[in-house]
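# Residue-level structural notes
Now for the letters of each chain:
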Amino acid sequence: MNDFSELSVRAFLAALASSAPTPGGGTAAAIAGAMGAALAEMVGGLTLSREKFASVHDAMRSLSEAALRAREDFLVLAREDSEAYDAVLAARRLAKETEDEKQARAHAIESAGRLATEVPMRTARTAARLLAHLPELVEKGNPNALSDAGAAALMLSAAAEGALLNVAINLPGISDTAFVEDMRRETAAIQAETRRLGAHVVAEVSKRI
């Protein structure tokens, strides 16, 4: 079962701990992102529910909606990440007796490997996009939930970093050098920005609590 959103926390962790190849790190990264998004939603909700923060309600509403969308996207990505790696395993099991079979298998492995790279990159992009909103959450959100905003930043940073490791491990098996270089450039850019933002948010939270 790849729809991990339907599992209890205990069942999901048992699946993650098992010797089965999926779910793995890419799915875990997406779930970490979903937790970060949910925490951001919570801080937004705790701000919207207080009339004394009415001056920032519009900003918090927009941020909460972005966090909700990200949470749903992360859950889809958690499933797609496992499906993508299952496709890699299936491609590797294809017959390779004849020349035609070898060529078909190589093409299938290449296509599956490319998808297994693209999915975690989407996870990293989603994490980076939401993380960019968190400085505003810290600045304008309910100060009683500052630690939750900081935890959200840490979860989103972990999601990006974990996802990008899954991008990196799949790149050596892809022959399209332009695609590989694009992925490496984007990896470097997302890593730099998420590390900067994550550190900034945690530092701001630490100053305020």
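Let us look at the structure shown here. If you're wondering where the values come from, they're calculated on a predicted model, not measured in any experiment. (Residues numbered from 1 in each chain as written. Predicted model: local features only at pLDDT ≥ 70, side-chain atom pairs only at ≥ 80, totals over all residues. Heavy atoms only, no water.)

## Observations concerning the side chain of Thr47
Looking at where Thr47 falls in the secondary structure, it is placed in helix 2 (residues 25–48). The contacts of Thr47, once residues within four sequence positions are left out, are Phe53, Val56, His57, Met60, Lys140, Gly141 and Asn142. (Helix = DSSP H or I, 4+ residues; strand = E, 2+ residues; numbered from the N terminus. Contact = heavy atoms within 4.5 Å.)

## Some words on the packing of aromatic side chains
Here the structure, examined in full by the defined rule, presents 1 aromatic pair. Between Phe4 and Phe12, the aromatic rings sit 5.6 Å apart at their centres with planes inclined by 65°, giving edge-to-face as the arrangement. When the ring centre of Phe179 is taken as origin, the NZ or CZ atom of Arg114, which lies over that ring, is 4.0 Å away. (Phe/Tyr/Trp six-rings, centres within 6.5 Å; stacked < 30°, edge-to-face > 60°. Lys NZ or Arg CZ within 6 Å of the ring centre and 35° of its normal.)

## Notes on the layout of surface pockets
Where empty space is left in the structure can be found by rolling a water-sized probe over the atoms. Roughly 240 Å³ of internal volume is contained in the largest pocket. Around the largest pocket, the lining comprises 13 residues; the ones closest to its centre are Phe4, Leu7, Val9, Phe12 and Ile31. Elements with a minimum of two residues in the lining of the largest pocket: helix 1 (9–17) and helix 2. When residues of the lining of the largest pocket are assigned to their parent elements, the largest contribution, 5 residues, is made by helix 2. By residue class, the composition of the lining of the largest pocket is 11 nonpolar, 2 polar and no charged. Forming the boundary of the second largest pocket are 15 residues, of which Asp81, Tyr85, Asn166, Ile169 and Asn170 lie nearest the centre. Among the secondary structure elements, those contributing two or more residues to the lining of the second largest pocket are helix 2, helix 3 (57–92), helix 4 (99–131) and helix 6 (146–170). (1 Å grid on protein atoms, 1.4 Å probe; cavity = no way out; pocket = protein on both sides within 12 Å on 5 of 7 lines; lining within 4 Å. Points joined across faces, edges and corners; volume = space filled by probe spheres on them. Nonpolar A, V, L, I, M, F, W, Y, C, P; charged D, E, K, R; others polar.)

## Quick look at the environment of Gly173
Looking at the secondary structure, you find Gly173 in the loop between helix 6 and helix 7 (177–208). In this structure the C-alpha to C-alpha distance between Gly173 and Ile109, which are 64 residues apart in sequence, comes to 8.4 Å.

## Things to note about the side chain of Thr22
Tracing the chain through its elements places Thr22 in the loop between helix 1 and helix 2. Residue Thr22 is classed as buried on the basis of its relative accessible area, which comes to 16%. Within the structure, Thr22 has its side chain in polar contact with the side chain of Asp86 (distance 3.0 Å). (Buried < 20%, exposed > 50% of the residue type's maximum accessible area, 1.4 Å probe, protein only. Polar contact = N/O pair within 3.5 Å; in protein donor to acceptor, adjacent residues only side chain to side chain.)

## Here we look at the environment of Ile190
Looking at where Ile190 falls in the secondary structure, it is placed in helix 7. Residue Ile190 is classed as buried on the basis of its relative accessible area, which comes to 9%. It is 9.6 Å that separates the C-alpha atoms of Ile190 and Arg129, two residues lying 61 residues apart in sequence. Setting aside residues up to four positions removed in sequence, Ile190 forms contacts with Met121, Ala124, Arg125, Ala128 and Leu164.

## As for unusual backbone geometry
Looking along the chain, the bond that leaves Thr22 and enters Pro23 is cis, with omega of 0°. Along the chain, Pro23 falls in the loop between helix 1 and helix 2.

## A word on the pattern of salt bridges
This model, assessed by the stated rule, comprises 16 salt bridges. When the shortest N-O distance is used, the salt bridge between Arg71 and Glu41 registers 2.4 Å. Of the two residues, Arg71 is situated in helix 3 and Glu41 in helix 2; the sequence distance between them amounts to 30 residues. A residue is classified by how much of its surface remains accessible, and Arg71, at 26% relative accessible area, is partly exposed. Here Glu41 falls in the buried class, since its relative accessible area comes to 18%. (Salt bridge = Lys/Arg side-chain N within 4 Å of Asp/Glu carboxyl O.)

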